[in-house]
Amino acid sequence: MTTAAMDDTDHQLLALLQRDSARTLGELGELVSLSPSAVQRRIDRYRKAGLIERQVAVLDPAQVAVLLAVCLVTLAKESRALHAAFRRRLLPAPEVQHLYSVSGETDFVVVLATTGMSHFREVSERLLKDAPNIQRYSTMFVLDPVRTGTALPTRR
């Protein structure tokens, strides 16, 4: 299912689900003018198509003692295989919240969530400092997560 094949109700329903997927089918149906069973059929279609990857609980970072760090990573040598090896190294780590391959002087942006400075140090050494093929990395610590989000736009 592509976003081009979706109607206005699909876009509305997906936006509502991204804000709060714990709403009942009845509540969602009222908001998009569908019956609960029609809402369920659409949600099932989104899951089957892979549009909905998973449903999770999003914790408030202000309520959890967490240290967020944004690391900018530059590889020493570049190739598809070396980029893939770096991804494979980082993907299994639960502390890696986001991993972006980017353009420009930096090759990757890595967002780490740790329980404090000592945990950050252990994770950054294991994943970055001791990693092969890293030319350099720099870290910026998040002082105030002004806005965080997980919702993706489905249309302009």
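Overview of the structure.

Notes on the pattern of salt bridges
With the rule as written, the count across this model stands at eight salt bridges. The partner of Asp10 in a salt bridge is Arg45, with the nearest N and O atoms 2.9 Å apart. Note that Asp10 is positioned in helix H1 (residues 8-19) and Arg45 in helix H3 (residues 36-49), a separation of 35 residues in sequence. Judged by relative accessible area, Asp10 falls into the buried class, the value being 2%. Sharing partners across several salt bridges, the network here consists of Asp7, Asp10, Arg42 and Arg45.

What to know about the side chain of Glu95
Among the secondary structure elements, Glu95 is positioned in the loop between helix H4 (80-90) and strand E2 (96-101). Here His119 takes part through its side chain, which lies 3.3 Å from a polar atom of the side chain of Glu95.

Some remarks on the packing of H4 against helix H5 (residues 117-129)
At a closest axis distance of 10 Å, the pairing of H4 and H5 adopts a crossing angle of 155 degrees. As summarised for this structure, H4 and H5 are arranged roughly antiparallel, according to the angle between their axes. Read as a crossing pair, H4 and H5 show a hand that is right-handed. Of the residues in H5, those in contact with Phe86, Arg89 and Leu90 of H4 are Arg126, Leu127 and Leu128. The residue makeup of the contact of H4 with H5, split by class, is four nonpolar, no polar and two charged.

What counts, and where the lines are drawn
Residues numbered from 1 in each chain as written. Predicted model: local features only at pLDDT ≥ 70, side-chain atom pairs only at ≥ 80, totals over all residues. Heavy atoms only, no water. Salt bridge = Lys/Arg side-chain N within 4 Å of Asp/Glu carboxyl O. Helix = DSSP H or I, 4+ residues; strand = E, 2+ residues; numbered from the N terminus. Buried < 20%, exposed > 50% of the residue type's maximum accessible area, 1.4 Å probe, protein only. Polar contact = N/O pair within 3.5 Å; in protein donor to acceptor, adjacent residues only side chain to side chain. Axes fitted to C-alpha atoms, helices over the stretch in contact; angles between N-to-C directions. Parallel < 35°, antiparallel > 145°, perpendicular 65-115°, else oblique. Left-handed = near helix turned anticlockwise from the far one by under 90°. Contact = heavy atoms within 4.5 Å. Nonpolar A, V, L, I, M, F, W, Y, C, P; charged D, E, K, R; others polar.

Worth remembering: the numbers are spatial, not functional.
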